[in-house]
4 protein chains.
Amino acid sequence: MSVNSSHDPIGVAVVGAGYWGPNLVRNFQASTDFRLRWLCDLDVSRAERVLGGYSTVQATKDLAAVLADDTVQAVAIATPAGTHLEVAMSALRAGKHVLVEKPLAASSAQGRALVAEAERRGLSLMCDHTYCYTPAVLRIRELLHNGELGELQYLDSVRINLGLVQRDIDVMWDLAPHDLSILDFILPPGVAPVAVAAHGADRIGAGRACVAYLTLRLNTGAIAHIHVNWLSPVKIRTTIIGGSKRTLVWDDLNPSQRLSIFDRGVDVASTEELGDEQRRDMLVSYRSGDMVAPALTEREALRTMVEEYARSIRSGTPALTDGRSGLRVIAILEAASRSLADGGRLVELVEWTEA
Amino acid sequence: MSVNSSHDPIGVAVVGAGYWGPNLVRNFQASTDFRLRWLCDLDVSRAERVLGGYSTVQATKDLAAVLADDTVQAVAIATPAGTHLEVAMSALRAGKHVLVEKPLAASSAQGRALVAEAERRGLSLMCDHTYCYTPAVLRIRELLHNGELGELQYLDSVRINLGLVQRDIDVMWDLAPHDLSILDFILPPGVAPVAVAAHGADRIGAGRACVAYLTLRLNTGAIAHIHVNWLSPVKIRTTIIGGSKRTLVWDDLNPSQRLSIFDRGVDVASTEELGDEQRRDMLVSYRSGDMVAPALTEREALRTMVEEYARSIRSGTPALTDGRSGLRVIAILEAASRSLADGGRLVELVEWTEA
Amino acid sequence: MSVNSSHDPIGVAVVGAGYWGPNLVRNFQASTDFRLRWLCDLDVSRAERVLGGYSTVQATKDLAAVLADDTVQAVAIATPAGTHLEVAMSALRAGKHVLVEKPLAASSAQGRALVAEAERRGLSLMCDHTYCYTPAVLRIRELLHNGELGELQYLDSVRINLGLVQRDIDVMWDLAPHDLSILDFILPPGVAPVAVAAHGADRIGAGRACVAYLTLRLNTGAIAHIHVNWLSPVKIRTTIIGGSKRTLVWDDLNPSQRLSIFDRGVDVASTEELGDEQRRDMLVSYRSGDMVAPALTEREALRTMVEEYARSIRSGTPALTDGRSGLRVIAILEAASRSLADGGRLVELVEWTEA
Amino acid sequence: MSVNSSHDPIGVAVVGAGYWGPNLVRNFQASTDFRLRWLCDLDVSRAERVLGGYSTVQATKDLAAVLADDTVQAVAIATPAGTHLEVAMSALRAGKHVLVEKPLAASSAQGRALVAEAERRGLSLMCDHTYCYTPAVLRIRELLHNGELGELQYLDSVRINLGLVQRDIDVMWDLAPHDLSILDFILPPGVAPVAVAAHGADRIGAGRACVAYLTLRLNTGAIAHIHVNWLSPVKIRTTIIGGSKRTLVWDDLNPSQRLSIFDRGVDVASTEELGDEQRRDMLVSYRSGDMVAPALTEREALRTMVEEYARSIRSGTPALTDGRSGLRVIAILEAASRSLADGGRLVELVEWTEA
């Protein structure tokens, strides 16, 4: 299938009309880069309900018909993770570019197969790591890449809320992909996790962890910690990123001040030599930097993600969150699952570097 | 030394005029149970500054003179942890009741020696686990003991802020005693930690952890997680306590609503059998409980702690936070330090049950 | 035009494709009570953009054609306030039920003409006072009507944010209709404002007030105060409702705790006779009631409003926010404008009772 | 009485051992500028309780003896407002410098008498407008005086909480002195209120207003609005200061971010000529400035106030919050009381300019 001219919209089909599919439908419809052709779901009436009573988009349960449609150049998959391999592989083999909801696949072996297939065919395989395309995360990435925060020293992320206990996956596979994909996205070149330990609790006898803690070791000595929880009555989505120059706090639930950047000033070498009084003065002085909350545009992340997908397809270059990034996230999840089953043992991430 | 009649104030001396000593001085002076006789510090001018220019209390650097004073029945120690053994042991041997700032001692071996000495002499050895005496923690204890929260399933505590990098101890030994003593205080009889794993990072090359995460396994299968951090530009002191009946959130920085008690309602057995639509309805219904923020009196914790110290001395019964509780806290810290040094390996708490 | 059977959807046209129209389009499309036939705007390309490239709804700039369409039984108007009289009157004269965005009309004289025309023709004239249909306001109304808060004593509402300086109206006419329609909606029968005073400031030389304060006197002696502001860098939407039994706080920006209901306990008669110490105890005791945050469903207000519109049309009974309620809001705004021009003089609301 | 050399502490007596007196006692004791000689209260046992069982300061009920003590050069008065004239006048006539808790006196006539007496005798008469000496207000003053906020356009202050209904004064006289003294303190030279209107409600039949709203007109056309309330279950202390260049928000209950300074950018002249789309873009752009939260030292305001009192006494120059500033605050309160009694009529502030 030839690359589109930059003037023609890219024909796209969405597969999966459950929780996430409708968001893709809405954003592809709003984009001039794409022309939405199909919404495909095994339950065609669900697809029809999502489209509503006023739409010209076709609903179907027949994936083969969608893949046989030459006006479709791209397929966006929002089905359960266990089906990603089959649906995405079919689409790639039909020559379609593929966008997959996180996680990329149910295992890293499956993910590797998809990445290999897409690379062999020269197709764009993109993972819908939506949060990476929020104005906040894009800014954080910029601040880490251009050195304004200094070198990353620790990252602490809390993502907790009441959430439905999933039938097939634990809370780690449900929620941590957000944090892990963000981490993968913002780390400067050369910085990467090398090991992970995980603890969890099956609070309600659900047969899988509903509360989990992941600790990642980076090759720089930095640490990243992630707390995910389905059962918290309070909703918290806060990430603290400690850099050698500044510390950033991202509170995603505070729309008027999502990012706060603090000057840091503690310098342990100097405090070591000081007396008590001097150290107290020191403490005061390192609190004394101003805090800046940069203005961010309010833009739906999915809109930016859809643009990046179009850019990737049109340019023939990998998306910012390409299949390989999806694969790195799965590799960590798999290692974390092994750690969880083994009492929190630190598990090395060989897959990460190989991916 | 004979137990005081309940009418005479108990003569007390404070040892240590650094950060915490002045708070003890102020609260002993405000209590009718005690008569403050001495403030002792190796730097006598520091003791004099703390007392100020209008006080009738004596400042001294001579601990032996204090211990030889028959009008002194009790000694409160607020010196660095490394000196607790020596000062407390001298006081006990002089027949004084002893209150020690947390942690009880620099090691569990030292702590055991103090506990044994106090018990042999029939003296009250109390650990100043101040937070246990806040109205919030007293209420939490009551809610767990009387079953209103149901069985504890998880506890998540975050205690982070900018703080002075300590010369002699890491962040875990500095801050986690608060959380561990609270945990020890609120757990119902028969429930106890059995293992701990810890991860940490020396963010700024201080030679000791400035960020640390502790995961505790309880004998009931519950999990407790503690995040302590000296280097966070935002101050957070929030604990979530998930019970089988209700979930409680304690936000110590929100004076008008420190405790929030949420009805919980997720029941995984029933959701397993349901379809997607039903599960979504389920989700709505389990969010639908009201939240109650109980009224709490505003009372300084140290005032209540001082009352408990007097009660313990006068009744000859252990304080709520006696030496043994201080010992249990140290045992966990030691195990956590071993875990920290060993890549986060889960370390069993034999000391805990023996203590 | 005969009333629909309860089984057939009501044909509806939306007039105005600016800021608010798209929300009406979306909600009418999602409702099984309605069938959206037209989106009408003088700028037909704007209407087409709103409908998007996948819609079967017709865009037009020809209002006469819409009004001549027999399949249209209802018209929803979201055009500038200055055009409400003309568009709504045409629709009523064409026998259509009419929904009008707030404010009902540009003056109470215009509003009275619309109300009279609708009543003469037996058509439903409804004002889209959207906030009245939020779960929070519906609950507040219930709490005031069933006596749980006791008698209303004061209401304080703050609605401030950065907002576009409007070309044709001041901040009072732009934002206060929200608060005034809520007040009208929640007051129990027999309770009504009788006078209003207003102060404002044209902070930026815009030729109209950008900051305004309204004080309303009620026939019960209660007071209501409204602060509206286009130029606040912080967004606040908080209403405090003091009742004789309980006080309610509505913070619309806190989705996890929009409503907080506090027991009140101050009883001035008893405190008068007390000494200082007793009064201090008193203070403590009247703070000591618990706070309850009732669970609210999260439901889009416009969806409930659209249902109420259908109910009104089908039953032939006035909507909860009918034309008369819209008229009462305008009467207050007119009196407030007179007060504003006259140095904050208290202006009596004769129009209110006559309306 | 000769002015002290700058090396000798100033002998001081505190009169009044009720709510505020103990704070003065504590701060005078901590200051090397002063030597506290007496604590005087009609109820001497109350004075003794305040001093506690360890103090060398003398308690007395005999004001005459205090005033006759030559080692006392200054008197700090924390008695009920109705007694300020008598106590302060006696002290001035005895040649003592005088510090008075707010309000300066019970009426402007009384206040003028005190100011005249102090000026005649060359004594420092200072009003303890404590809030003016907080780091936040000192910074706000600096930002308004040096032009960083531009010209003041509006000030909105909310100071609400549960508070004891006072026996002798309404909420306006109890709480608004804080806001009015701050306003007086921060306004640049030449800017002053010229009129005030007030509305209030006696919510609970207390015989005096428990909720009040003050609107002040300034000679520049700016507006200041103050909401004070004894009966709010939520505590709010937020002031918004809109300047022609920047807008500042002071949230006194957020210790980690008391001040937030926002760039503003709306420029109505330019938006007038723009179309809808352009105006929307405009809106985005004027939101797009960063916010800066300047670091503030945490310092007790009373400590700074006590230093300023010493400076005033030693230098023979008026304190920043001298008697005249106290007089200006009373003049506004009196005018506001007249407005309150007269239905919110705007009352001109002749007293202000004469004071």
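Residues numbered from 1 in each chain as written. Chains lettered and ligands numbered in written order. Predicted model: local features only at pLDDT ≥ 70, side-chain atom pairs only at ≥ 80, totals over all residues. Heavy atoms only, no water.

Q: I tried to follow the overall build of chain A on my own but got confused; where do I start?
A: Broken down by element type, chain A carries twelve helices and 15 strands. Counting every position in chain A, which comprises 355 residues, the buried fraction comes to 59%. Pairs at least 24 apart in sequence give 67% of the contacts found in chain A among residues at least 6 apart. When the accessible surface of chain A is summed, it comes to about 13500 Å², and 50% of that surface belongs to carbon and sulfur atoms. (Helix = DSSP H or I, 4+ residues; strand = E, 2+ residues; numbered from the N terminus. Buried < 20%, exposed > 50% of the residue type's maximum accessible area, 1.4 Å probe, protein only. Contact = heavy atoms within 4.5 Å. Areas by Shrake-Rupley, 256 points an atom, 1.4 Å probe, with all protein chains shown as cover.)

Q: Would you mind showing me how to read the interface of chain D and chain A here?
A: Interfaces are often sized by the amount of accessible area the parts lose when they come together. On the side of chain A, ten residues touch chain D, which itself brings ten residues to the contact. Buried surface at the junction of chain D and chain A, both sides included, amounts to about 720 Å², of which 56% is carbon and sulfur. By the criterion of area lost to chain A, the three top residues of chain D are D:Asp290, D:Met291 and D:Ala295, representing 50% of everything that side buries. Across the chain D-chain A interface, the total number found is zero salt bridges. The tally of links from chain D across to chain A stands at five residue pairs in polar contact (both at pLDDT 80 or more). For the side of chain D that touches chain A, the class distribution of residues is five nonpolar, three polar and two charged. (Buried area = accessible area lost by both parts, 1.4 Å probe. Salt bridge = Lys/Arg side-chain N within 4 Å of Asp/Glu carboxyl O. Polar contact = N/O pair within 3.5 Å; in protein donor to acceptor, adjacent residues only side chain to side chain. Nonpolar A, V, L, I, M, F, W, Y, C, P; charged D, E, K, R; others polar.)

Q: Quick question: what am I supposed to make of the pattern of salt bridges here?
A: Oppositely charged side chains can form a pair if their charged atoms are brought close together. One pass over the structure, following the stated rule, counts 56 salt bridges over all chains. We note a salt bridge from D:Arg121 to D:Glu117, for which the minimum N-O separation is 2.6 Å. Of the two residues, D:Arg121 and D:Glu117 are both situated in helix α5 (residues 108-121); the distance of four residues between them amounts to about one turn of the helix. Note on D:Arg121: relative accessible area 40%, which makes it partly exposed. Classification of D:Glu117 as buried rests on a relative accessible area of 7%. D:Arg324 serves as the salt-bridge partner of D:Glu119, at 2.9 Å between the closest nitrogen and oxygen. Here D:Glu119 is found in helix α5, whereas its partner D:Arg324 is found in helix α11 (residues 323-341), with 205 residues between them in sequence. Connected through salt bridges with shared partners, the residues A:Glu117, A:Arg120 and A:Arg121 form a single ionic network.

Q: How should the packing of aromatic side chains be read in this particular structure?
A: Given two aromatic rings, one states the distance between the centres and the angle between the planes to describe the pair. Under the defined criterion, the tally for this structure stands at 20 aromatic pairs over all chains. Here the aromatic rings of D:Phe34 and D:Tyr309 are separated by 5.6 Å at their centres, their planes lie at 20°, and the arrangement is stacked. Here D:Tyr309 lies in helix α10 (residues 301-315) and D:Phe34 lies in strand β2 (residues 34-40), a separation of 275 residues in the sequence. Comparing D:Phe34 with D:Tyr309 shows no difference in burial state: the two are buried. Linked through ring pairs, A:Phe28, A:Phe34 and A:Tyr309 together constitute an aromatic cluster. When the ring centre of C:Tyr54 is taken as reference, the NZ or CZ atom of A:Arg35 above it lies at 4.2 Å. For the cation-ring pair, C:Arg141 lies above C:Phe185, with the distance from its terminal atom to the ring centre recorded as 4.7 Å. (Phe/Tyr/Trp six-rings, centres within 6.5 Å; stacked < 30°, edge-to-face > 60°. Lys NZ or Arg CZ within 6 Å of the ring centre and 35° of its normal.)

Q: Help me understand the relation of the copies chain D and chain A, please; the structure alone is not making it clear to me.
A: One copy of the chain maps onto the second through a rotation around an axis plus a translation along that axis. Least-squares fitting of chain D to chain A yields an RMSD of 0.1 Å, with the transformation described by 0.0 Å of translation along the axis and a rotation of 180°. In the structure described here, the two chain copies are related by an operation that fits a two-fold rotation axis. For chain D, the smallest separation between a C-alpha atom and the rotation axis is recorded for D:Val292, amounting to 2.3 Å. When you check the interface residues of chain D against chain A, 100% turn up at the interface there too, and the contact is symmetric in its surfaces. (Least-squares fit on C-alpha atoms with pLDDT ≥ 70 in both.)

Q: Whenever I open this one, helix α4 (residues 84-93) of chain B confuses me. Can you help?
A: An α-helix turns once every 3.6 residues. As a result, residues three or four positions apart point the same way. All names here are of chain B. What α4 keeps buried is the set His-84, Val-87, Ala-88, Met-89, Ala-91 and Leu-92. Those residues of α4 hidden inside the fold are in contact with β1 (10-15), α3 (63-68), β4 (74-77), β5 (97-101) and α5 (108-121). Downstream of α4 by a residue or two, Gly-95 has a phi angle that is positive, lying close to 85°.

Q: Quick question: what am I supposed to make of the side chain of D:Asp179 here?
A: Considering the arrangement of structural elements, one finds D:Asp179 in helix α7 (residues 171-186). Taking the relative accessible area as the measure of exposure, D:Asp179 reaches 5% and is therefore buried.

Q: What am I meant to see in the confidence of the model for chain A here?
A: Predicted coordinates in regions of low pLDDT should not be interpreted in detail. All names here are of chain A. In this model, chain A carries a mean pLDDT of 90, and residues with pLDDT of at least 70 account for 89%. Per-residue pLDDT stays below 50 along residues 267-275; that stretch engages in 14 contacts with residues further than four places along the chain or on separate chains. Considering only residues more than four positions removed or in separate chains, one finds that residues 277-287, a stretch of pLDDT under 50, has 26 contacts. Across the predicted assembly, pTM comes out at 0.92 and ipTM at 0.90. (pLDDT = per-residue confidence, 0-100.)

Q: Any chance you could explain the UniProt feature "domain: Gfo/Idh/MocA-like oxidoreductase N-terminal" (unreviewed entry) in chain A here in plain terms?
A: Within this numbering scheme, the UniProt entry marks residues 10-129 of chain A as carrying the feature "domain: Gfo/Idh/MocA-like oxidoreductase N-terminal" (unreviewed entry). Span residues 10-129 of chain A is 40% helix and 24% strand, its end C-alpha atoms 21 Å apart. (UniProt positions renumbered as here; feature names shortened; annotations may be inferred.)

Q: Help me out: how do you make sense of the sheet that holds strand β4 (residues 74-77) of chain D in this one?
A: Pairing between sheet strands relies on hydrogen bonds along the backbone, with the strands arranged either parallel or antiparallel. Residue and element names in this part refer to chain D. Read across the open sheet, the six strands follow the order β3-β2-β1-β4-β5-β6; overall the sheet is parallel. Each edge of the open sheet carries a strand with a single partner, namely β3 (58-60) and β6 (125-128). In this sheet, neighbouring strand axes are inclined to one another by 25° on average, regardless of whether the strands run parallel or antiparallel. With six bridges joining them, strand β1 (residues 10-15) and β2 adopt parallel strand pairing. Across the sheet, residue Val-14 finds its bridge partner in β2, namely Leu-39. This element, helix α1 (residues 21-30), spans β1, β2, β4, β5 (97-101) and β6 of the sheet and lies at about 165° to β1. (Pairing = 2+ DSSP bridges. Axes fitted to C-alpha atoms, helices over the stretch in contact; angles between N-to-C directions.)

Q: In this structure, what is going on with the environment of A:Val171? I would like to understand it.
A: Residues and elements named next belong to chain A. Relative to the elements of secondary structure, Val-171 occurs in helix α7 (residues 171-186). Spatially, the C-alpha atoms of Val-171 and Trp-230 are 6.5 Å apart, while their sequence positions differ by 59 residues. Residue contacts for Val-171: discarding those within four places in its chain leaves Ala-176, Ala-209, Cys-210, Val-211, Ala-212, Val-228, Asn-229 and Trp-230.

Q: What's the story with the side chain of D:Glu101 in this structure? I'm lost.
A: Residue and element names in this part refer to chain D. Among the secondary structure elements, Glu-101 is positioned in strand β5. No salt bridge is formed by the buried Glu-101; its nearest oppositely charged neighbour, Lys-102, is found at 5.6 Å. Beyond its immediate sequence surroundings of up to four residues, Glu-101 is in contact with Trp-20, Ile-77, Ala-78, Thr-79, His-84 and Asp-128. (Lys, Arg positive; Asp, Glu negative; His and termini not counted.)

Q: Please explain the pairing of β2(D) as it appears in this structure.
A: Looking along a regular strand, one sees side chains alternate from face to face of the sheet. Residue and element names in this part refer to chain D. Counting buried positions along β2 yields five of seven residues, so the element is predominantly enclosed. Handedness of the crossover joining β1 and β2 through α1 is recorded here as right-handed. For the segment spanning β2, helix α2 (residues 44-51) and β3, crossover handedness is right-handed. (Right-handed = clockwise from strand over helix to strand, strands pointing away.)

Q: What am I meant to see in the domain arrangement of chain A here?
A: Residues and elements named next belong to chain A. Taken domain by domain, chain A consists of domain 1 (10-129 + 302-320) and domain 2 (132-298 + 331-354). Between the C-alpha centres of domain 1 and domain 2 there is a distance of 30 Å. Opposite the twelve residues of domain 1 that make contact, domain 2 presents eleven residues. Overall, the association of domain 1 and domain 2 removes approximately 1100 Å² of surface from exposure, summing both partners, and the carbon and sulfur fraction of that is 62%. On the domain 1 side of the interface with domain 2, the three residues burying the most area are Lys-102, His-129 and Leu-320, jointly 49% of the side's total. Scanning the region where domain 1 abuts domain 2 turns up zero salt bridges. Taken together, the connections running from domain 1 to domain 2 amount to three residue pairs in polar contact (both at pLDDT 80 or more). (Domains from an automatic or database assignment.)

Q: What exactly am I supposed to notice about the sheet that holds strand β3 (residues 58-60) of chain C here?
A: Residues and elements named next belong to chain C. The strand order β3-β2-β1-β4-β5-β6 describes an open sheet built from six strands, whose pairing is parallel. In the strand order of this sheet, the two ends are held by β3 and β6 (125-128), each with one partner. With strand direction ignored, the average angle separating the axes of adjacent strands in the sheet is 25°. Of the strands in this sheet, β1 (10-15), β4 (74-77) and β5 (97-101) touch helix α4 (residues 84-93), which is tilted by about 165° from β5.

Q: Sorry, what's going on with the pairing of strand β12 (residues 246-251) of chain A here?
A: Residues and elements named next belong to chain A. Pairing analysis gives five bridges linking strand β11 (residues 231-243) to β12, with the strands arranged antiparallel. Its bridge partner lying in β12, Ile-241 is registered against Leu-248. Here β11 folds back onto β12, and the loop between the two strands holds two residues. Bridging between β12 and strand β13 (residues 259-263) involves five bridges; their strand directions are antiparallel.

Q: Help me out: how do you make sense of the packing of helix α6 (residues 135-145) of chain B against helix α7 (residues 171-186) of chain B in this one?
A: The relative placement of two packed helices comes down to the angle between their axes together with the axis-to-axis distance. Residues and elements named next belong to chain B. Running from amino to carboxyl end, α6 crosses α7 at an angle of 40°, the nearest separation of the two axes being 9 Å. The pairing of α6 with α7 is recorded here as oblique in orientation. Within the contact between the two elements, α6 uses Val-137, Leu-138, Ile-140, Arg-141, Leu-144 and His-145 and α7 uses Ile-182, Phe-185 and Ile-186. Its residues placed into classes, the contact of α6 with α7 shows seven nonpolar, one polar and one charged. (Parallel < 35°, antiparallel > 145°, perpendicular 65-115°, else oblique.)

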